[in-house]
Amino acid sequence: MALWHFMLNFALMNILLIGSGGRESAIAWSLSQSPELGELFIAPGNPGTLAYGNNVSVDWRQFVAMKDFCMNNRIDMVIVGPEEPLCKGLGDQFAADEDLASILFIGPSAKGAQLEGSKDFAKYFMMQHNIPTAAYRTFNANELEAAVDYLATVDGPYVLKADGLAAGKGVVILDTLAEAQQEMRSMLGDAKFGAASSRVVVEEFLAGMEFSVFAVTDGKSAVILPEAKDYKRIGEGDQGPNTGGMGAVSPVPLFDEAMQKQVMSRIIEPTIEGLAKDGLPYKGFLFFGLIDVEGEAMVIEYNCRMGDPETEVVMARLDEDFLPILRDAGNGKLTNRVARQSKQSAATVMMVSEGYPGSYPKGLPILGLDQASEHAIVFQAGTTLKDEELCTAGGRVLCVTGVGDDMASALGKAYQAVASITFDGANHRKDIGQDIL
Ligand code: AMP
Ligand code: GLY
């Protein structure tokens, strides 16, 4: 028994990681350092992930091909990076398939993924389980006039959220009643975000500093990963349109021991208990988008995945093997604890294409990565190889991640590396981390 147990614990694991961005690059980077890793496959990955494993073109939407791939390559664990496969039920497909059911699947069922996939579901869940969040009301498409009238009874700023997934664009915050009512007509009446805005959540506006906390859960217990703060707007001083994220830092000073205790007891534990009580199977990542309202942490949003670019700094500061945490989540063997974190600070600066988050060119040669790597870890995101030459292929191109003894040093290294990288029209924010220095 003891020997068998020993062998089981130390069997190398073959892992399939789904995704292609900076987040997946950082997860692959971390897993590639695990002594317990067998083969790592990234589907589809990007040129940067070739340094950590094998890129494979199998598409999660083609279930038969996905199944064949997992069987042929003796995959032991599947880790899902983005939310879409989870919201569309990939976890349920694996669980329902006799041949795949023994594979550890890191990501919730479609029902669990509704914490991210439906704002109304998440708000109702939080209300049911007494988890601190902004007051809200939800309106359906046939309640447009009631929604418009309701807005007139509350104070601004007005927070309107499309219920469903809207590629990060579904939240609109407006100062005046007239704008808010017009936006409501466009979301609910004219289906501005398609089916995603067939229901709209109106929320009380909260003011405070935002930060993100990440946990890996097996549905009963959780391991808390390093926290992070991201920078969403394209422009310095948080101006201009929202993006997927222009940078991130970790640690976040306001997440001190007292705040950590508060978040665990009032938010993380009730969330996991709530999932169990409501019969929502959940093994995977929980991303808590939080706001500090005068010392009280409140939930702005849940995601069923890691953040991007938060993962880049979280992985840089995780000071233990990530693989066993994920394996234990898949096996239902986690115990409540905080993962070991490096005392160092990490900062990631996103280099983006000219025009992003609007339209942008692709296929531009990227130079200077070797020199940059002397100062920072460069996680690739929107990149491709064209005749062996590294070129841009997306809006967010590179996540340049500095690690140092304090935040100033981490930022210094990241920006030093950014300075040595060039591609036509490259853009980045120069004020990442300034607000917490
Ligand atoms: P979400 O997609 O729900 O994270 O919302 C996107 C962004 O909108 C958040 O990161 C916040 O900056 C902002 N936001 C969302 N809800 C609220 C709220 N109730 N009060 C103030 N800001 C909010
Ligand atoms: N950076 C924010 C997110 O991943 O949702």
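Residues numbered from 1 in each chain as written. Chains lettered and ligands numbered in written order. Predicted model: local features only at pLDDT ≥ 70, side-chain atom pairs only at ≥ 80, totals over all residues. Heavy atoms only, no water.

Let us now look at the pattern of salt bridges. Enumeration over the complete set of coordinates arrives at 26 salt bridges. Here the residues in one salt-bridge network are Asp59, Arg61, Glu84 and Lys88, joined through shared partners. (Salt bridge = Lys/Arg side-chain N within 4 Å of Asp/Glu carboxyl O.)

To continue, consider the site of ligand 1. Residues in close proximity to ligand 1 total 14 residues, the closest being Glu203, Glu204, Leu206, Glu210 and Glu301. Within the contact set of ligand 1, a nitrogen atom lies 2.7 Å away from a side-chain nitrogen or oxygen of glutamate 203. One nitrogen or oxygen atom from the main chain of leucine 206 is found 2.8 Å from a nitrogen atom belonging to ligand 1. When ligand 1 sits alone it has 470 Å² of accessible area, and the protein chains cover 87% of it. Looking at the shell around ligand 1, the elements that each hand over two or more residues are β7 (158–162), β8 (171–174) and β17 (296–303). A class-by-class count of the residues in the shell around ligand 1 yields seven nonpolar, no polar and seven charged. (Near = heavy atom within 4 Å. Polar contact = N/O pair within 3.5 Å; in protein donor to acceptor, adjacent residues only side chain to side chain. Areas by Shrake-Rupley, 256 points an atom, 1.4 Å probe, with all protein chains shown as cover. Helix = DSSP H or I, 4+ residues; strand = E, 2+ residues; numbered from the N terminus. Nonpolar A, V, L, I, M, F, W, Y, C, P; charged D, E, K, R; others polar.)

Taken together, the neighbourhood of ligand 2 is formed by Asp230, Gly244, Phe287, Arg305, Gly307, Asp308, Pro309 and Glu310. Glycine 244 is positioned such that a nitrogen or oxygen atom in its backbone is 3.3 Å from a nitrogen atom of ligand 2. Residue glutamate 310 places a side-chain N or O atom 2.9 Å away from a nitrogen atom belonging to ligand 2. Computed on the free molecule, ligand 2 has an accessible area of 200 Å², of which 89% lies beneath the protein chains in the complex. Of the residues in the shell around ligand 2, the class split is two nonpolar, two polar and four charged.

A surface patch of nonpolar side chains, about 240 Å² in accessible area, is lined by Val171, Ile173 and Phe205. With respect to the element layout, valine 171 can be found in strand β8. (Patch = residues over 30% accessible without salt bridge, like charges linked within 9 Å, V, L, I, M, F, W, Y side chains within 5 Å.)

In this section: the sheet that holds β7. To summarise the sheet geometry, strands pair through backbone hydrogen bonds and adopt either a parallel or an antiparallel arrangement. A sheet is described by the order of its strands in space; here four strands give the open sequence β6-β9-β7-β8, paired in antiparallel fashion. Two strands bound the open sheet, and with one partner strand each, they are β6 (136–140) and β8. Ignoring which end each strand starts from, the neighbouring axes of this sheet average 20° apart. Across four bridges, β7 lies against β8 in antiparallel orientation. (Pairing = 2+ DSSP bridges. Axes fitted to C-alpha atoms, helices over the stretch in contact; angles between N-to-C directions.)

Any link to function would need more than the numbers given here.
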